[in-house]
Amino acid sequence: MQLRYQYRVYPTPGQQNALARSFGCARVVFNDALRARQDAFAAGMKISDTEVQKRVVTNAKNTPEREWLAGVASVVLVQSVRDSATACKNWFASLSGKRKGRKVGPPRFKSRKDNRQAIRLTRNGFTLRPNRKLYVAKVGELKVAWSRDLPSDPSSVTIIKDSAGRYFASFVVEVDQQPLPEINTEVGIDLGLTTFAVLSNGKTITSQKFLRRAERKLCKAQQTLSRKEKGSRNRAKARWKVARAHARVADSRRNFVHQQSTAIIRDSQAVYVEDLAVSGLARTRFAKSVHDAGWAMFTRMLEEKAARYGRTFVKIDRWFPSSQTCSACGVVDGPKPLSIREWTCPCGVVHDRDLNAAKNILAAGRAERRNACGGTVSPAA
Ligand SMILES: [Zn+2]
């Protein structure tokens, strides 16, 4: 299986310039390729990937308007053309229903002002040097903070600059599966509103204090930004502050989610979670909250780690009222306002709202697993 390993890199000022040039060229080529496809589409013509590449890279280098493309590694440009082709393909596949999951929108043009600038390089565009530096074509040897060892030879690397001005190298590596010894515990997870998540075994996961504090700071920085005059220097400063706060939140959230997902995968043979796209419907009104991004990352990590360590991961993707159904008798007791944290079912059982939901998710997950070849899901036993 393929995984991404990401490290912070520290380019020198000269390398930062070279990277900026590469980011810019990759962006221009991406946009040119997109435009070429759009034009062909509008004219009712088909255009092959090779033709697009020839037009926006090979031929473009010989024109006065684009001759500066020759100043960056051509592997960067070629990958950028490929990325634009993939974006188009995903969109078409999503339109025609061939692609599963969330709908993919039409590819958008990239802007100099985008929060994330990136270039992608395949094997012929980078080398890992014996001095532990990462050589990138036409940029040089980058200093990398190797927070952990790469498990195998990477097949590609993406160099990223985020909105807070930090640089990262994200490697794609092939990793062997490492199945953990089998155990017989299963767990359902309710992504909570008052807490981060509640497990069907009664465990509650709360965001750490420093994360909550960082999130509050981010909110404040965002408010300040919204009050600054457009185009002013103070606005630029405030934007930088927001970007920094964002980066801090994202970092601590990633660490937190890593720890939590690792523990859950270690302790359970099967993990069941509600599909966010489904639960989102019921929640958008309340939970346009800082939780959203964390949940998406959380379920993604659970899925990846389950695959890697030989565990089962099931997303409950059919909507059912997990917080209205009694996990003891199966009665659907009608909607309850969020303020109600505890309720008593007509059958006499007293429920904690989130724990009850987690138990229902566990039951639905078990049912879904049993009926993997079709059939209906009923949440209660
Ligand atoms: Zn009941």
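For clarity, every value in this text was computed on a predicted model and none was experimentally measured.

Considerations on the coordination of the zinc ion
Okay, so step 1: At this site the zinc ion is bound by Cys-326 (SG), Cys-329 (SG), Cys-345 (SG) and Cys-347 (SG), with donor distances of 2.2 to 2.4 Å.
Okay, so step 2: The site at the zinc ion holds four donor atoms, and with the angles between them running 103 to 118°, its shape is tetrahedral.
Okay, so step 3: Mapping the donors of the zinc ion onto the primary sequence yields the spacing C-x2-C-x15-C-x1-C.

Re the side chain of Ser-268
Okay, so step 1: Looking at the secondary structure, you find Ser-268 in the loop between helix H5 (233–267) and strand S11 (270–274).
Okay, so step 2: In terms of polar contacts, Ser-268 uses its side chain to reach the backbone carbonyl oxygen of Ile-264, at 2.6 Å.

Quick word on the domain arrangement of the protein chain
Okay, so step 1: Here the protein chain is described as being made up of domain 1 (2–174) and domain 2 (186–370).
Okay, so step 2: In this assembly, eight residues from domain 1 lie in contact with eight residues from domain 2.
Okay, so step 3: With both sides pooled, the region where domain 1 packs onto domain 2 buries about 620 Å², and carbon together with sulfur makes up 52% of that total.
Okay, so step 4: Looking at the side of domain 1 facing domain 2, the largest losses of area belong to Leu-3, Ala-164 and Arg-166, adding up to 57% of the total buried there.
Okay, so step 5: The interface formed by domain 1 and domain 2 holds one residue pair in polar contact (both at pLDDT 80 or more) in total.
Okay, so step 6: For the side of domain 1 that touches domain 2, the per-class residue count stands at three nonpolar, two polar and three charged.

Some points on the packing of helix H1 (residues 13–42) against helix H2 (residues 49–59)
Okay, so step 1: Where H1 meets H2, the closest approach of the two axes is 9 Å, and the angle between their N-to-C directions is 130°. Here H2 runs oblique to H1, going by the angle between their axes. H1 and H2 meet at a crossing whose hand is right-handed. Here H1 contributes Val-29, Asp-32, Ala-33, Ala-36 and Arg-37 to the contact with H2, which in turn contributes Asp-49, Val-52, Arg-55, Val-56 and Val-57.
Okay, so step 2: Partitioned by chemical class, the residues of the contact of H1 with H2 number six nonpolar, no polar and four charged.

Focus: the sheet that holds strand S9 (residues 197–199)
Okay, so step 1: If you trace the five strands from one edge of the open sheet to the other, you get S10-S9-S8-S11-S12, paired in mixed fashion. Two strands lie at the open edges of the sheet, namely strand S10 (204–205) and strand S12 (312–316), each paired on one side alone.
Okay, so step 2: Both strand S8 (residues 186–190) and S11 contribute to a ladder of four bridges, which runs parallel. Bridge pairing links Ile-189 to Val-273 in S11.
Okay, so step 3: Across the sheet, helix H8 (residues 353–370) touches S8, S9, S11 and S12, and the angle it forms with S8 is around 125°.

What counts and how
Residues numbered from 1 in each chain as written. Predicted model: local features only at pLDDT ≥ 70, side-chain atom pairs only at ≥ 80, totals over all residues. Heavy atoms only, no water. Donors = N, O, S within 2.8 Å, 3.2 Å for Na, K, Ca; no water. Tetrahedral: all angles 85-135°; square planar, octahedral: opposite > 155°, others 65-115°. Helix = DSSP H or I, 4+ residues; strand = E, 2+ residues; numbered from the N terminus. Polar contact = N/O pair within 3.5 Å; in protein donor to acceptor, adjacent residues only side chain to side chain. Domains from an automatic or database assignment. Contact = heavy atoms within 4.5 Å. Buried area = accessible area lost by both parts, 1.4 Å probe. Nonpolar A, V, L, I, M, F, W, Y, C, P; charged D, E, K, R; others polar. Axes fitted to C-alpha atoms, helices over the stretch in contact; angles between N-to-C directions. Parallel < 35°, antiparallel > 145°, perpendicular 65-115°, else oblique. Left-handed = near helix turned anticlockwise from the far one by under 90°. Pairing = 2+ DSSP bridges.

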